[in-house]
Amino acid sequence: MRPMPSPARRLAAVAVLLLSLAIAALVGSWGLGVPIGIGQVRSPTPLPATPTAAPSASQDALTVFAQIEGQVQTLRGLPAAKVGPPQVVTRAQLAQMLPGLIDPPLDNATLRAMGLLRADQDIVALTNRLYDAQVLGFYDFDAKRMVVVSDSGLTAEARITYAHEYTHALQDAAFDSGAAVKLVAGQHDRELALLGVEEGDASVVMVLWAIGHLSSAEMSGITETPLPDMSGIPPWMVTLLEYPYLAGSKFVSQLYSSGGWDAVDAVYADLPASSEQVLHPAKYLSREAPMTVAPLDLRSALGSGWTSATDSTMGEAWISTWLEGVGVKADAAAAAAAGWGGDRLTAATGPGGAWALAWRMAWDAPAEATQFETTYTGVESSLAFPTRVVHAADGGTVVLQASSAELLAEIAALAGS
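Values in this document were obtained by computation on a predicted structure and should not be read as measured data.

Asker: Just to check I follow, could you spell out the side chain of T346 for this structure?
Answerer: If you trace the backbone, T346 turns up in strand β5 (residues 340-349). For T346, a relative accessible area of 5% puts it in the buried group. Every residue in contact with T346, bar those within four places of it in the chain, is listed here: P295, L296, L298, T310, D311, A356, L357 and A358.

What follows is the structure, encoded as C-alpha cells:
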C-alpha cells in the first residue's frame, strides 16, 4: 500500500453489486430472503464543506434522514451520533470528489510483482473507474457526515445507503473508529479484519432496517437493478471489495444470533487479529492467533538502488484474492488459502524497472502447505515472469517471483533454495 499521510480508509463499496450479494448472503444464512449497504471513508485530506455545485439536502430529505437515524439508533442500541447535515450529491458531483477519497489497496509496483496488474495499468485510475459508476454513499470520519449519491432523489437505494452509513457514524461515536484505524494502519491483514467487523455490523443493521422499512417490491428492485459496466476492471478488485461485506456480514450475523448486539459490541474491544478470524468465526471465538513470520529483506540483500515497495502480513483473504487474480478458480483459491497460519510479503523495486517479490507463508498443518503449493504450481506456467515455490524446512512455503531469471536465482539463494 502506498504510504498514507494520515489514517485513511478506502472507499469500500460496489453499489448494486454489494447490495445484491449481501442481501443474498444474509438471507441465505438466516434462512429468510433479505439486503445491504455501502462503505465508509476516512479522507486523506479534509473534504470541502460543500462539494463543488452540490446542493444541500432538501427539507423533506432531511426529515426522512432524521427518521432513518432514529430507526437505526433504536435498532442498533447505541447512543445517537453527532453528525453534520447529510448531503445528497449527483453521480457527476461524486466524480469530482473521488480523487480525494480513494486509497488503493496496494501500490502499482507490488501489484505488478504479484501478477495482478499489467505494466500499462494503474491502480489509482482503475479504482477511480470502479467507484465512479458504483458508489452509493459514504460516511466521512473527518467531517462527521454522510454523503448519499442519487440522481433520482430519495430512492430505496438512497434510504438503505443512509441506514448503512449512519450505522458507521454510531460505531465511530461509540467505539472510536479513528483509534481502531490507527491501531491497524499499514497492517493489511488487520485492516481487512477491521473492515470486516465494521462493514458486517453496518450490513446486518441495514438488512434488519430494510426488513422493517422497505417494501418487498423495493428490495426486489434493488437486487434486480442492472450492474454498472465493469469492463476493464480486474475481477480481483471486485473480490477484494466484496470481502468485508460478505465475510463480515456472516461473522457479525453469527455473533448477533448467539449473543445479540452485546456480543457484537464486545468485538470492538477485542478486534479480530486476522481476516482468517473473520472468515472463520470459530477461530475468533477460540482466539487462534496468527503465527509471526519473519520477512526476507530483499532491499538489503539486493544492494544499492533497490527500494522496498511492501513489507506486510497480507492474510488469508488477500492470499485467496491473489490466487484468484492469477488464474485459480474461486473455490480452489479459497480452499488453498484456508490453511493459513501466518505470512509476510516483501516486494522491492530496483534499477531499470527490475522487481522482486518474496512471500513467506506458514500453515496450520503440512497437508495445507501441500495444498497451497499444488494450487500455485498449477498456474505458474501462465504467469508472465519467472517464479518459484519453495517448500521450506520448517514446513512453510516461500513464493518467489521476479522480473528476470537471474534475479529469481538471486532471491532463491536468499530463501535457502
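Additional details are given in the paragraphs that follow.
Asker: Whenever I open this one, the packing of aromatic side chains confuses me. Can you help?
Answerer: By convention here, two paired aromatic rings are described through the distance between centres and the angle between planes. Following the criterion strictly, the structure yields twelve aromatic pairs and no others. Relative to Y162, the ring of F65 has its centre 4.3 Å away and its plane inclined at 25°; by these criteria the two rings are stacked. Placement of the pair is F65 in helix α2 (residues 59-76) and Y162 in helix α6 (residues 156-175), with a sequence separation of 97 residues. Linked through ring pairs, W322, W359, W363, F372 and Y376 together constitute an aromatic cluster.

Asker: I tried to follow the environment of L400 on my own but got confused; where do I start?
Answerer: Take L400: it is sitting in strand β8 (residues 397-402). Exposure remark for L400: the relative accessible area of 0% places this residue in the buried category. The contacts of L400, once residues within four sequence positions are left out, are L357, A358, Y376, P386, T387, R388, V390, L408, I411, A412 and A415.

Asker: What is the right way to look at the sheet that holds strand β7 (residues 387-391) in this model?
Answerer: The pairing of strands in a sheet happens through backbone hydrogen bonds and is either parallel or antiparallel. Read from one edge to the other, the open sheet built from five strands follows the order β4-β5-β6-β8-β7, with strand pairing classed as antiparallel. Of all strands in the sheet, those with a lone pairing partner are β4 (307-312) and β7, marking the two edges. For this sheet, the mean angle separating the axes of adjacent strands, direction not counted, is 10°. Relative to strand β6 (residues 355-363), β5 runs antiparallel, the two being bridged by nine bridges. Paired with W340 across the bridge in β6 is W363.

Asker: Is there a simple way to explain the sheet that holds strand β1 (residues 87-89) in this structure?
Answerer: Here three strands make up an open sheet; going across it, the order is β1-β3-β2 and the pairing mixed. For this open sheet the edge positions go to β1 and β2 (137-140), each flanked by a neighbour on one side alone. Direction aside, the axes of adjacent strands within the sheet are offset by 20° on average. Sitting on the sheet, α6 is in contact with β2 and β3 (145-149), with an inclination near 20° to β2.

What counts, and at which threshold
- Residues numbered from 1 in each chain as written.
- Predicted model: local features only at pLDDT ≥ 70, side-chain atom pairs only at ≥ 80, totals over all residues.
- Heavy atoms only, no water.
- Helix = DSSP H or I, 4+ residues; strand = E, 2+ residues; numbered from the N terminus.
- Buried < 20%, exposed > 50% of the residue type's maximum accessible area, 1.4 Å probe, protein only.
- Contact = heavy atoms within 4.5 Å.
- Phe/Tyr/Trp six-rings, centres within 6.5 Å; stacked < 30°, edge-to-face > 60°.
- Pairing = 2+ DSSP bridges.
- Axes fitted to C-alpha atoms, helices over the stretch in contact; angles between N-to-C directions.

This is a description of form; function is not addressed.
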